[in-house]
Amino acid sequence: MKAENKGQRVRGYVIAGNRHTGILRKENPDCAIAYTHWYRHDGDLETLERELKRLSDLYMSFNKTDSVSIAYEYADYEG
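Residues numbered from 1 in each chain as written. Predicted model: local features only at pLDDT ≥ 70, side-chain atom pairs only at ≥ 80, totals over all residues. Heavy atoms only, no water.

Novice: Report on helix α1 (residues 45-60), specifying residues and quantitative values.
Specialist: Its 16 residues place the ends of α1 23 Å apart at the C-alpha level, agreeing with the 22 Å of an ideal helix rising 1.5 Å per residue. The complete set of buried residues in α1 reads Leu45, Leu48, Glu49, Glu51, Leu52, Leu55, Ser56 and Tyr59. End-on, the buried residues of α1 take up no more than an arc of 160°, which puts them together on one face. Opposite the buried face of α1, by more than 90 degrees, sit the exposed residues Glu46 and Arg54. Summarising the contacts, the buried residues of α1 are in contact with β1 (9-17), β2 (32-35) and β3 (67-75). Its side-chain oxygen 3.2 Å from the backbone nitrogen of Glu46, Asp44 forms the N-cap of α1. (Helix = DSSP H or I, 4+ residues; strand = E, 2+ residues; numbered from the N terminus. Expected span 1.5 Å × (residues − 1). Buried < 20%, exposed > 50% of the residue type's maximum accessible area, 1.4 Å probe, protein only. Arc of directions from axis to C-beta. Contact = heavy atoms within 4.5 Å. Polar contact = N/O pair within 3.5 Å; in protein donor to acceptor, adjacent residues only side chain to side chain.)

The following block contains the structure:
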């Protein structure tokens, strides 16, 4: 999954759960959520993609993780 250049800052996140978690959503308190650092839209987004892949692989290596969902979120620059 590639990050898009939307003219905003971007970060990736992983939502992890097991077979008892239910739906993998940020709002689900039974899910674990991990975020990457924020990146500039015109920065090296390939680094962001690699960081997100490593984060996903890490969570999948845990014994009690059965599935993960990965996505990106975008935010306007402050100031």
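That covers the picture; the talk isn't over yet.
Novice: Outline the pairing of β1, listing residues and values.
Specialist: Counting buried positions over the nine residues of β1 gives nine, a clear majority of the element. Burial along β1 is two-sided: the face carrying Arg9, Arg11, Tyr13, Ile15 and Gly17 and the face carrying Val10, Gly12, Val14 and Ala16 are both buried. By the bridge criterion, nine bridges tie β1 to β3 in an arrangement that is antiparallel. Considered in β3, the bridge of Tyr13 is made with Ala71. Note: β1 against β2, four bridges, orientation antiparallel. Looking at β2, one finds that Ile15 is bridged to Ile33. (Pairing = 2+ DSSP bridges.)

Novice: Please provide a residue-by-residue account of the side chain of His41, values included.
Specialist: Following the sequence through the fold, His41 ends up in the loop between β2 and α1. His41 gets classed as buried once you look at its relative accessible area, which sits at 19%. Once residues within four sequence positions are removed from consideration, His41 is found in contact with Asn5, Gly7, Gln8, Arg9 and Tyr77.

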